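# Summary of the model geometry
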Amino acid sequence: MNQPGYLRQPTIAGDAIVFVCDDDLWRVDAAGGVARRLTAGLGEPATPALSPEGRWLAYVGRDEQHPEVYLMPGVGGPARRLTWLGPDVMVRGFLPDGRILFVSTYGQPFFRNYRAFALSVDGGLPELLPYGQVNHLSFGPNGAKVIGRNTADPARWKRYRGGTVGHLWVDKDGQGEFVRLALAGNLTCPMWLRDRIYFLSDAEGVGNLYSCLPDGGDVRRHTDHDDFYARHAASDGRRIVYQCGADLWLFDPTADRTQRLEIDVPAHRTQAARRFVAAADFLAGFKPHPAGHSLAIETRGKLFSFALWEGAVHRRGAAEVGRYRLGQWLGDGTTLVAVSDASGEERIEVFEGDGSRTLPWDIGRVVALAAAPRGRRIALANHRNEVLIGDLNSGDLKLLDRSHAGRSEELAWSPDGEWLAYPFWTGLRHCAIKLAQIATLRTTLVTQPEFRDWSPAFDPDGRYLYFLSARTFDPVYDAVQFELSFPRAARPYLIALAADARPPFEAEPKGMKRDAAAKAKDEPAALRIDLEGIARRVAAFPVPEGRYGQIAGADGRALWTVFPIAGAHGRGGHKESPGRLEAFDFETMKTETLAERADRFELAADGITVIVRDGKRLRALDATKKAENGKAARDDEYSRASGWIDLGRVRVSVDPRAEWRQMLREVWR
């Protein structure tokens, strides 16, 4: 039974070939056939090299975390760790005196600066060879040598011709005088066979096997691969084995002929087997139900919906087909929409009842999706810098706006679903907030296009439009040298939508008594927005400037995240430190902390339920209540009292082969 694998990094000695497949080393006859597994370690082996007589097999192992040189018998058996260096290491073969040849960045300040070392098969301290920078080293007759510098794998950066392109240096007399060969292309894997130097090059577009004389003359091409690069070539002095695509090929210099080896790899294919992963480890987007009682999440490209603490989890969409993103409910609370590429292109998929349908709209690469709180309209922003409005009832898709300078990656609907706010790049450095009236498709800049404004959000009562802006220029002195910078340039702002609205930060007069009756929440009325002079009605919240992430409007409050300023190296606080969720109360005109740790949050359409992300965890909070300092606020149990949501309820199955197909298609697209 033919069981092909993805075969990599071969080495040859006599009638044996050893290669890497499924993160293990395998041995097979040089003529092909059924391969035999040599290792079953915990790490990933790499760059194996058989000794010339086939007695030893040296390779790089990671069983103890760091890549180090290991040695085992050529036919398999126990492996011994021979080095304790720590940085990057690659085995390159054996020296004429029988010692192991490897290259490493050990003792170097730069990660690409490899040097060659020799190491006895009995262990001991490695000896640094006096050749300077070395990626590959091969020996010819009478002490002749060829060195490869910058000779990484050209297939990883096809047709690269920059400053770190691979090149060869030759000491053809063995006297220590090296001359650089004037060869075209990005070169790698030099091998000295008899009177010629063989190497891989992509000088003619695709990596193939070439050879030349020691002085660089008489360049010949020996293989004709067009679909995939020839990679990882190795030789035993008589023949050359290399990888092309997922196969191994054997080149015979005597006959000047190459052939693909038929190799069966009878393995379980552990990495390709179906498995389950933790939803929290791959959590991406999340959106609460409009009523705040449920949640839709995207994890590992799959869409799930479930109640916060009760009931079963429902998976949406076809199993193991495509990737789902940006899933969320429409205002009716029963219909879900998401971006899916199951068809090969990104499309909007609508989930209604037990079925789904895909809309045939050309939407490009979607960067933002927002469902209207009322009706059946959605807004999209894509990689073409477009903002689109789609009507799920009529099937119409209309272009609302397009920028020549950047993408609108945040979309905010008004409570009545008749207006849309979004950041609009007016130039390469300036981004303003725009308002669009959906009925007329009329768009208006509501902030001056002189700053960087983002994260628009409507007040649930329709009084204000909130946003964040980097427009506070209070310079901070540097503590080391005389410099000034603006690390805290952002603040939250609001715009009064009605021209005669009460000043937002002036408290209304109150008597001694308060009406204890709860005010019923009616359906949101149509917004009144006076566009004339609206840019002059911008007001800053009375809070200090800082690093703000996003803002939203809850009942009687504005919510935002603020992040600490940390060093680039992370000392004294990681540079990606979590922020905190704060609430500004319009009644008290004060700010309080709702959550001490918050990376991001999503506010439900009810204006009450807020879902907070803290690393790999999600928590539901009441945005209208003060933060509790008692046990419930500190409780890590998954419960309504603590607010923590158990993502372990979500079972995420992974079919690696289906994922690989989707990922390759998405990267190509």
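I will try to describe carefully the structure that is included in this document. Everything quoted here is computed from the prediction, not taken from an experiment. (Residues numbered from 1 in each chain as written. Predicted model: local features only at pLDDT ≥ 70, side-chain atom pairs only at ≥ 80, totals over all residues. Heavy atoms only, no water.)

### With respect to the overall build of the protein
Looking only at helices and strands, the protein features two helices and 58 strands. With respect to the principal axes defined by its C-alpha atoms, the protein has extents near 100 × 65 × 50 Å. Relative to its full complement of 669 residues, the protein shows a buried share of 51%. At a minimum sequence separation of 6, the contacts of the protein that also span at least 24 residues come to 45%. Here the protein has roughly 32600 Å² of accessible surface; of this, 49% comes from carbon and sulfur atoms. Counting 89 positive and 88 negative side-chain charges, the protein places the centres of these two groups 1 Å from one another. (Helix = DSSP H or I, 4+ residues; strand = E, 2+ residues; numbered from the N terminus. Buried < 20%, exposed > 50% of the residue type's maximum accessible area, 1.4 Å probe, protein only. Contact = heavy atoms within 4.5 Å. Areas by Shrake-Rupley, 256 points an atom, 1.4 Å probe, with all protein chains shown as cover. Lys, Arg positive; Asp, Glu negative; His and termini not counted. Charge placed at Lys NZ, Arg CZ, Asp CG, Glu CD.)

### A look at the side chain of T609
Mapped onto the elements of the fold, T609 is located in strand β55 (residues 609-614). If we ignore the near neighbours within four places in the chain, the residues touching T609 are A291, G292, E602, L603, A604 and L621.

### Looking at helix α2 (residues 656-668)
For α2, spanning 13 residues, the distance from its first C-alpha to its last is 18 Å, which sits close to the expected 18 Å at 1.5 Å a residue. The set of residues buried in α2 consists of P656, A658, E659, Q662 and E666. Within α2, the buried residues cover an arc of 155° as seen down the axis, which keeps them to one side. Of the exposed residues in α2, those oriented more than 90 degrees away from the buried face are R661, L664, V667 and W668. Looking at the buried residues of α2, the elements they touch are β27 (275-278), β30 (302-307) and β58 (651-654). (Expected span 1.5 Å × (residues − 1). Arc of directions from axis to C-beta.)

### Re the pattern of salt bridges
Taken as a whole and assessed by the stated rule, the structure comprises 47 salt bridges. Here R238 ties to D236 by a salt bridge, and the two come within 4.0 Å at their closest N and O atoms. One salt bridge in this structure joins R640 and E310, with 2.2 Å as the shortest N-O distance. Of this pair, R640 sits in the loop between α1 (631-634) and β57 (644-645) while E310 sits in the loop between β30 and β31 (313-316), placing them 330 residues apart in sequence. Given the relative accessible area of 55%, R640 is considered exposed. Here the residues in one salt-bridge network are E298, R323, R325, E346, R365 and E666, joined through shared partners. (Salt bridge = Lys/Arg side-chain N within 4 Å of Asp/Glu carboxyl O.)

### Here we look at empty space enclosed by the protein
For the structure on display, the rule yields one cavity of 30 Å³ or more. Taken as a whole, the largest cavity encloses approximately 40 Å³ of empty space. In terms of lining residues, the largest cavity is bounded by R323, R325, V339, S340, D341, E346, R365, Q662, E666 and R669. Secondary structure elements with two or more residues in the lining of the largest cavity: β33 (336-340) and α2. (1 Å grid on protein atoms, 1.4 Å probe; cavity = no way out; pocket = protein on both sides within 12 Å on 5 of 7 lines; lining within 4 Å. Points joined across faces, edges and corners; volume = space filled by probe spheres on them.)

### Some details on unusual backbone geometry
With a phi angle near 55°, R194 is a residue other than glycine that sits in the positive phi range. With respect to the helices, strands and loops of the structure, R194 is situated in the loop between β18 (187-193) and β19 (196-201). Phi angles above zero are rare outside glycine, and D256 is one such case at about 50°. With respect to the helices, strands and loops of the structure, D256 is situated in the loop between β24 (247-252) and β25 (257-260). Overall, the relative accessible area of 44% leaves D256 in the partly exposed class.

### With respect to the packing of aromatic side chains
Evaluation of the coordinates by the stated rule reveals 25 aromatic pairs. Between Y131 and F178 the ring centres are 6.1 Å apart and the planes differ by 70°, which places this aromatic pair in the edge-to-face class. On the criterion of sequence distance, the pair formed by Y131 in strand β13 (residues 127-133) and F178 in the loop between β16 (167-171) and β17 (179-180) is long-range, its members being 47 residues apart. The exposure class of F178 is partly exposed, given its relative accessible area of 24%. With centroids separated by 6.0 Å and ring planes inclined at 80°, the aromatic side chains of Y548 and W560 adopt a geometry described as edge-to-face. One end of the pair, Y548, is in strand β50 (residues 547-554); the other, W560, is in strand β51 (residues 557-563), and 12 residues separate them in sequence. (Phe/Tyr/Trp six-rings, centres within 6.5 Å; stacked < 30°, edge-to-face > 60°.)

### A word on the sheet that holds β51
Pairing in this open sheet of four strands is antiparallel, and the strands run β50-β51-β52-β53 from one edge to the other. Looking at strand neighbours, the two that pair on one side only are β50 and β53 (590-598), the edges of this open sheet. For this sheet, the mean angle separating the axes of adjacent strands, direction not counted, is 20°. Across six bridges, the pairing between β50 and β51 is antiparallel. Bridging from a neighbouring strand, A552 pairs with L559 of β51. (Pairing = 2+ DSSP bridges. Axes fitted to C-alpha atoms, helices over the stretch in contact; angles between N-to-C directions.)

### Observations regarding the sheet that holds strand β5 (residues 36-37)
The strand order across the open sheet built from four strands is β1-β2-β3-β5, with neighbouring strands paired in antiparallel fashion. With partners counted over all chains shown, the strands left at the sheet margins are β1 (8-13) and β5, one partner each. As paired strands, strand β3 (residues 24-29) and β5 are joined by two bridges and run antiparallel to one another. Pairing of R27 across the sheet is with R36, part of β5.

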